Amino acid sequence: MNEIVRNAQSSVAHASLDPQDWSAFRALAHRMLDETIDGIADVRARPVWQPIPDATRAAFKADVPREASDLAEVYREFAEHVAPFATGNVHPGFMGWVHGGGTAVGMLAEMLAAGLNANLGGRDHMPIEVERQIVDWMRRLFAFPDSASGIFVTGTSMANLMAVLVARTNALGTLARQYGIGNDGALLTAYTSQAAHGCVSRAMDIAGLGTDALRKIAVDADHRIDVAALRAQIAVDREVGFKPFLIVASAGTVDIGAIDDLKAIAQLCREEGIWFHVDGAFGALAIFSPELAPLLGGIELADSIALDFHKWGQVPYDAGFLLVRDGEQHRQAFAQPAAYLRREARGLAAGAVWPCDLGPDLSRGFRALKTWFTLKTFGIDRLGATIARSCALAKYLETRILAEPRLELLAPVNLNIVCFRYRADDAINREIVADIQESGIAAPSSTTLNGKFAIRAAIVNHRTEEADIDALVAAVLEFGGRRCGDGMIEVEAPPLAAQ
């Protein structure tokens, strides 16, 4: 019998994917952690971004790995071919898109979450209570009632889609989930501004309502939705038999960070009986800052809010979030009884509303832990000050632009996004953006405003300082001057990472 037990134990040990030598594994793991921390601590010593060499791309065309490889060798490939060619949003010079910089604290929390390997679809365990605590914190910050619900998702694109589905169920009733949207669903119309994120149109598409059912309303001089035009369009649609059911307001538009008049839209939604959703992908977290929170006046009246902790909240990707005022309406849009999801009075299957009742995912990672660590470690006040600081840096960039005759400001600076250009044609400005990105000095992005190509600087990273703004301006002037034949400033690129 003892021989059988020994053989069984040997077989299990061989079948397990755990390390055969825990001491060696621990040593390599510590090295990985140390080098990752070094990479964050010494981030300024490398380029923001650099092009991927052909040889590196070619290395990732290899066949499926059928045989085992040494972990140290796999890590070597990562360190040489992956890490040096990442997006670069950890770097303070990354100002291209609204990507948070992450923190070392969040990185450690992600590691701890991976160690637990918890599935937050449901059941009775503490990781879900961590998520519920953050839901409660968000309820309080946005002045939502205790009956409000919330859930972590991949990002605001998913949160906006889910809000459309909740609003659709609210408009058509729960039977629409069984029978489809039918004739009534074909008459539903939603509204947002021309400056809204493209994921709102995609949400209408995926929800089966069609992109034509989304009315894109003109914006005013400040890039906010024209509420009078919105009201008029709703009246026209009602007159011809359409059924307005949803307005998606923006708290921080993608191009320039404009915030719609949330109070006026809330009032209109109340008058018309329309679901009021706020796409607050990054702007909603201005609620953390006493200085900026008044800009969000009216958001507390929303029926739902979508936001990303991985943007201004500096939580590592990904950590999107949806908050819904009426938790029961939220549940009715997604809950689906199944024998394998039965709730019990006691044991691991205990509990009432599980996260899988509030969204499409049954398999869900522990996104809440890195958010919980970030909020607990730094506190709302410090995070709010960081958010306000990024807006102050945007104003600093605005003053630099206005003081330089070779540069042109293209839009008002509302929050942390600055759109400008070198005084030259679109083709030259397009080349300037690519030149700066490839230099590794900074990483701005671009957009088009009023028919003009714009250099777009989105200041989100908590590591960004005035010196980084100065480096961006100097680079624009240098590369613009070279393209136009009037270069005056020499800029020094950061050292290339080891390749």
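Treat the numbers as computed from the prediction; the structure is a model and nothing was measured.

Colleague: Sorry if this is basic, but what is going on with the overall build of the chain here?
Modeller: A count of helical and extended segments in the chain gives 16 helices and 12 strands. A compact globule built from 499 residues should have a C-alpha radius of gyration of about 23 Å, and the chain, at 25 Å, falls within 12% of that. Structurally, the chain occupies a C-alpha span of about 85 × 65 × 45 Å along its principal axes. Looking at the 499 residues of the chain, the share that counts as buried comes to 48%.

Colleague: Which parts of the structure should I look at to understand helix 13 (residues 327-334)?
Modeller: Counting along an α-helix, one turn takes 3.6 residues, and residues three or four places apart therefore face a common direction. Of all the positions in helix 13, only G327, H330, A333 and F334 are classed as buried. Seen along its axis, helix 13 keeps its buried residues to an arc of 120°; they face one direction. Check the buried side of helix 13 and you find it contacts strand 2 (149-153), helix 7 (156-172), helix 8 (176-179) and strand 8 (320-324). A distance of 3.0 Å separates the backbone nitrogen of E328 from a side-chain oxygen at the start of helix 13, and that oxygen is part of D326.

Colleague: Whenever I open this one, the pairing of strand 8 confuses me. Can you help?
Modeller: Successive residues of a regular strand alternate their side chains across the two faces of the sheet. The element strand 8 is extensively covered by neighbouring structure, given that five of its five residues are classed as buried. Burial along strand 8 is two-sided: G320, L322 and V324 and F321 and L323, pointing in opposite directions, are all buried. Bridge count between strand 2 and strand 8: five bridges; the pairing is antiparallel. Following the sheet pairing, G150 is matched in strand 8 by L323. As defined by bridge partners, strand 7 (residues 304-308) adjoins strand 8 across five bridges and the pair is classed as antiparallel. If you follow A306 over to strand 8, its bridge partner there is L322.

Colleague: Would you mind showing me how to read the layout of surface pockets here?
Modeller: Where empty space is left can be seen by rolling a probe of water-molecule size over the atoms. Here the largest pocket is characterised by a volume of approximately 1600 Å³. Along the walls of the largest pocket sit 47 residues, with E35, T36, I40, F78 and A83 positioned nearest its centre. Going through the elements one at a time, helix 2 (22-41), helix 4 (71-82) and helix 5 (104-116) are the ones with two or more residues in the lining of the largest pocket. Looking at the lining of the largest pocket element by element, the count peaks at 12 residues for helix 2. Of the residues that constitute the lining of the largest pocket, the class distribution is 27 nonpolar, 13 polar and seven charged.

Colleague: Mind showing me how you'd approach empty space enclosed by the protein here?
Modeller: The final tally for this structure, using the stated rule, is one cavity of 30 Å³ or more. Volume-wise, the largest cavity comes out at about 30 Å³. Sort the elements by how many residues they give to the lining of the largest cavity and strand 2 lands first, with three residues. Tallied by class, residues from the lining of the largest cavity come to seven nonpolar, one polar and two charged.

Colleague: What is the right way to look at the packing of aromatic side chains in this model?
Modeller: Aromatic ring pairs are described here by two measures, namely the spacing of the ring centres and the angle between the planes. Per the stated rule, a full pass over the model turns up eight aromatic pairs. Taken together, a centroid distance of 6.2 Å and an interplanar angle of 25° make the contact between Y75 and F78 stacked. Of the two residues, Y75 and F78 both sit in helix 4, three residues apart, roughly one turn of that helix. For Y75, a relative accessible area of 9% corresponds to the buried category. Look at F78 and you get partly exposed, because its relative accessible area is 40%.

Colleague: I keep staring at the sheet that holds strand 7 and nothing clicks. Help me out?
Modeller: Sheet strands associate in pairs through backbone hydrogen bonding, adopting either a parallel or an antiparallel arrangement. Ordered in space as 2-8-7-6-5-3-4, the seven strands form an open sheet in which the pairing is mixed. Of all the strands in the sheet, the pair left with one neighbour each is strand 2 and strand 4 (214-217). Each strand axis lies, on average, 20° off the axis of its neighbour in the sheet, ignoring direction. This element, helix 6 (residues 126-141), spans strand 2 and strand 8 of the sheet and lies at about 120° to strand 2. Relative to the sheet, helix 7 contacts strand 2, strand 3 (188-193), strand 5 (243-250), strand 6 (275-279), strand 7 and strand 8, its axis offset from that of strand 6 by approximately 180°.

Colleague: Help me understand a nonpolar patch on the surface in this model?
Modeller: A grouping of W22, F25, L71 and V74 is seen on the molecular surface, where their side chains present a nonpolar patch of about 360 Å² in accessible area. Looking at the nonpolar patch, the elements that each hand over two or more residues are helix 2 and helix 4. Tracing the backbone shows L71 in helix 4.

Colleague: I'm lost on the pairing of strand 11 (residues 443-449) in this one. Help?
Modeller: Strand 11 sits mainly inside the fold: five of its seven residues count as buried. The pairing of strand 1 (residues 94-95) with strand 11 spans two bridges and is parallel. Bridged to M95 within strand 11 is P444. Of the strand pairs in this sheet, strand 11 and strand 12 (residues 452-458) are connected by five bridges, and their pairing is antiparallel.

Analysis parameters
- Residues numbered from 1 in each chain as written.
- Predicted model: local features only at pLDDT ≥ 70, side-chain atom pairs only at ≥ 80, totals over all residues.
- Heavy atoms only, no water.
- Helix = DSSP H or I, 4+ residues; strand = E, 2+ residues; numbered from the N terminus.
- Rg over C-alpha atoms; globule rule 2.2 N^0.38 Å.
- Buried < 20%, exposed > 50% of the residue type's maximum accessible area, 1.4 Å probe, protein only.
- Arc of directions from axis to C-beta.
- Contact = heavy atoms within 4.5 Å.
- Polar contact = N/O pair within 3.5 Å; in protein donor to acceptor, adjacent residues only side chain to side chain.
- Pairing = 2+ DSSP bridges.
- 1 Å grid on protein atoms, 1.4 Å probe; cavity = no way out; pocket = protein on both sides within 12 Å on 5 of 7 lines; lining within 4 Å.
- Points joined across faces, edges and corners; volume = space filled by probe spheres on them.
- Nonpolar A, V, L, I, M, F, W, Y, C, P; charged D, E, K, R; others polar.
- Phe/Tyr/Trp six-rings, centres within 6.5 Å; stacked < 30°, edge-to-face > 60°.
- Axes fitted to C-alpha atoms, helices over the stretch in contact; angles between N-to-C directions.
- Patch = residues over 30% accessible without salt bridge, like charges linked within 9 Å, V, L, I, M, F, W, Y side chains within 5 Å.
- Areas by Shrake-Rupley, 256 points an atom, 1.4 Å probe, with all protein chains shown as cover.
- Salt bridge = Lys/Arg side-chain N within 4 Å of Asp/Glu carboxyl O.

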